[in-house]
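# Analysis of the macromolecular model
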4 protein chains.
Amino acid sequence: MTSEYRIRRRVHFYETDAAGIVHFSWYPRYMEEAENALWREAGLSIGHPESGVGWPRVAVSFEYFRPLRFEDEFEIRIAIVSIGEKRIEYRARLVRGDTQIASGRMTVSCVRRNPDGTMKSAPIPPEVRERFEVADTGDWGGR
Amino acid sequence: MTSEYRIRRRVHFYETDAAGIVHFSWYPRYMEEAENALWREAGLSIGHPESGVGWPRVAVSFEYFRPLRFEDEFEIRIAIVSIGEKRIEYRARLVRGDTQIASGRMTVSCVRRNPDGTMKSAPIPPEVRERFEVADTGDWGGR
Amino acid sequence: MTSEYRIRRRVHFYETDAAGIVHFSWYPRYMEEAENALWREAGLSIGHPESGVGWPRVAVSFEYFRPLRFEDEFEIRIAIVSIGEKRIEYRARLVRGDTQIASGRMTVSCVRRNPDGTMKSAPIPPEVRERFEVADTGDWGGR
Amino acid sequence: MTSEYRIRRRVHFYETDAAGIVHFSWYPRYMEEAENALWREAGLSIGHPESGVGWPRVAVSFEYFRPLRFEDEFEIRIAIVSIGEKRIEYRARLVRGDTQIASGRMTVSCVRRNPDGTMKSAPIPPEVRERFEVADTGDWGGR
């Protein structure tokens, strides 16, 4: 059972903006990278189109504490904070050494794809559900 | 005094992902496009490096209701919902025709750049503050 | 018969990098925006998945003469320079006022999608071919 | 003396497009990632603003042979093919296992930043030049 995961990452030049720091739109992408790595750690891939199931994002939020700059090395820690019938909610924390950079939350929803391309909310398949559990994030503090 | 603004936008191909829809990381960028257009409407540019002032994002959140696809035309409506001594908070709503696509919130903070490149929180300059006022978003509903 | 097209565009903040200019990877995207607008001008959409035909890029090149900065307005002019049995080649030129910013070339290939998701080179469908012709770019000069 | 470098990379979901493959605009970014890693391998950083020197891209070209998909692992091999007084030219090759994915070329130019923010072509500083040499790419073949 997998409940959390950490990846290390270096800032690429194309992720910076004219203010000299990573553009804020990259943080949800960093969080998704960590989520996809968490799924691989659990022996799953979130993106197999042939599975007939997809995982669109229904909510995301980030708070930004300190900037990241080109070539900074940082860590993204992601944890599952709830698993519902049809939804999974994650928290993430970005740190550079001892410096807290940002924290985020993201909720994804399980959908089945209809033959016409539309998507319909669906229960999380058992083969996914049995691999994950809620993490203990008691030490993450308030933010 | 400017308090809200609308822009129309078409989905570019590079904004879509392998699920066939716009990747969720684009919505904060769409919101920033609308914010920058709001500033231009007010006779300002948010990005003049020589002003010595910057506007880093300190919080962003989005809820996603319906997907956007390649070449979809949609509208982004942005409104100022609070102006503090050092911060501005916006709400945004994305619609495609009568369909609600997403809603977002974003808080930006005024900073002064020190000679060594670091940034320090600073009061919003009068020449910015006098151009903006809080919008009436009473008709936006709960979400 | 459509052979060339122009779009106007403003630089978004997220397109800039820590050098204060548009990151070079955006120029192929700008060119693709102009290409997709050229197709719409011809009454076509390059991206309908149900058409069974796709247009992957097989070659792209850019030369960069002058930088673009945040909020710069510029124009992208795209022209068809050859139409083969299975390929279309374009040229593009980016200008800001009278200043030449960049020039590019891009070749796209027509493919059919097999049921297993692989792609196979295919002749350009007549309904596409009959809408396009080669442009006169005699005034574009050597670069 | 450093002349070439290899990095391994996995495709992120946000790099794919609605055709189910990596959007072509990512390949120049992959090449830049390899370039920046080559510089770090040589004990340098290409992006220190305080150096007063910058390395804008003056030309880039790519040929695309096979697509990359979500979570594909691939390798980027970059090599220096010429070092002029003011310019460095690289070649890159992307492979997934034994499959050739793409090949690219990129030329970067050394510039000094003037106090007013403009850039002026400048000789490559000795502390950079002495770390690099031209690679032997005799085994790379014609493409």
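Residues numbered from 1 in each chain as written. Chains lettered and ligands numbered in written order. Predicted model: local features only at pLDDT ≥ 70, side-chain atom pairs only at ≥ 80, totals over all residues. Heavy atoms only, no water.

## Re the interface of chain B and chain A
Just so we agree on the cut-off: For this analysis, residues touch if any pair of their heavy atoms sits within 4.5 Å. Buried area, as used here, totals the accessible surface that two parts lose on assembly, with accessibility defined by a 1.4 Å probe and the loss added over both. We call two N or O atoms a polar contact when they sit within 3.5 Å, provided that within protein one can donate a hydrogen and the other can accept it, with sequence-adjacent residues counted only if both atoms are side-chain atoms. Secondary structure is summarised from DSSP: a helix means a run of H or I of at least four residues, a strand means a run of E of at least two, and numbering begins at the N terminus for each. Polar here means any residue other than Ala, Val, Leu, Ile, Met, Phe, Trp, Tyr, Cys and Pro, which are nonpolar, and Asp, Glu, Lys and Arg, which are charged; Gly is therefore polar. DSSP bridges decide pairing: two strands pair if at least two such bridges lie between them.
Contacts between the two partners involve 23 residues from chain B, matched on the other side by 23 residues from chain A. When chain B packs against chain A, the two sides together hide about 1900 Å² of surface, and 58% of this comes from carbon and sulfur. Taken together, the links from chain B to chain A amount to 8 residue pairs in polar contact (both at pLDDT 80 or more). Mapped onto the side of chain B that touches chain A, the elements with two or more residues apiece are helix H1 (26-41) and strand E3 (57-64) of chain B. Considering each element in turn, the side of chain B that touches chain A owes the most residues, 8 residues, to E3(B). Residues of the side of chain B that touches chain A, tallied by class, amount to 13 nonpolar, 4 polar and 6 charged. Of the strand pairs in this sheet, strand E3 (residues 57-64) of chain A and E3(B) are connected by 5 bridges, and their pairing is antiparallel.

## Thoughts on the relation of the copies chain B and chain C
Which entries qualify depends on this criterion: Overlaid copies result from least-squares superposition on C-alpha atoms, with residues included only where pLDDT is at least 70 in both.
After a rotation of 180° and a shift along the axis of 0.0 Å, chain B superposes on chain C with an RMSD of 0.0 Å. Such values leave the two copies arranged in the relation of a two-fold axis. Identified as the residue of chain B closest to the rotation axis by C-alpha distance is Arg9(B), at 5.9 Å. Both copies present the same face, since 100% of the interface residues in chain B are matched by interface residues at the equivalent positions in chain C.

## Some remarks on the sheet that holds E3(A)
Basically, it comes down to this: Angular values range over 0 to 180 degrees, each being the angle between N-to-C directions of two axes fitted as lines to C-alpha atoms, with helices fitted over their stretch in contact.
Taken in spatial order, the 10 strands line up as E1(A)-E4(A)-E5(A)-E6(A)-E3(A)-E3(B)-E6(B)-E5(B)-E4(B)-E1(B) in an open sheet, and their pairing is antiparallel. The outermost strands of the open sheet, each flanked by one partner alone, are strand E1 (4-10) of chain A together with strand E1 (4-10) of chain B. Across this sheet, the average inter-strand angle for adjacent strands is 15°, counted without regard to direction.

Purely spatial values, then, with no claim about function.
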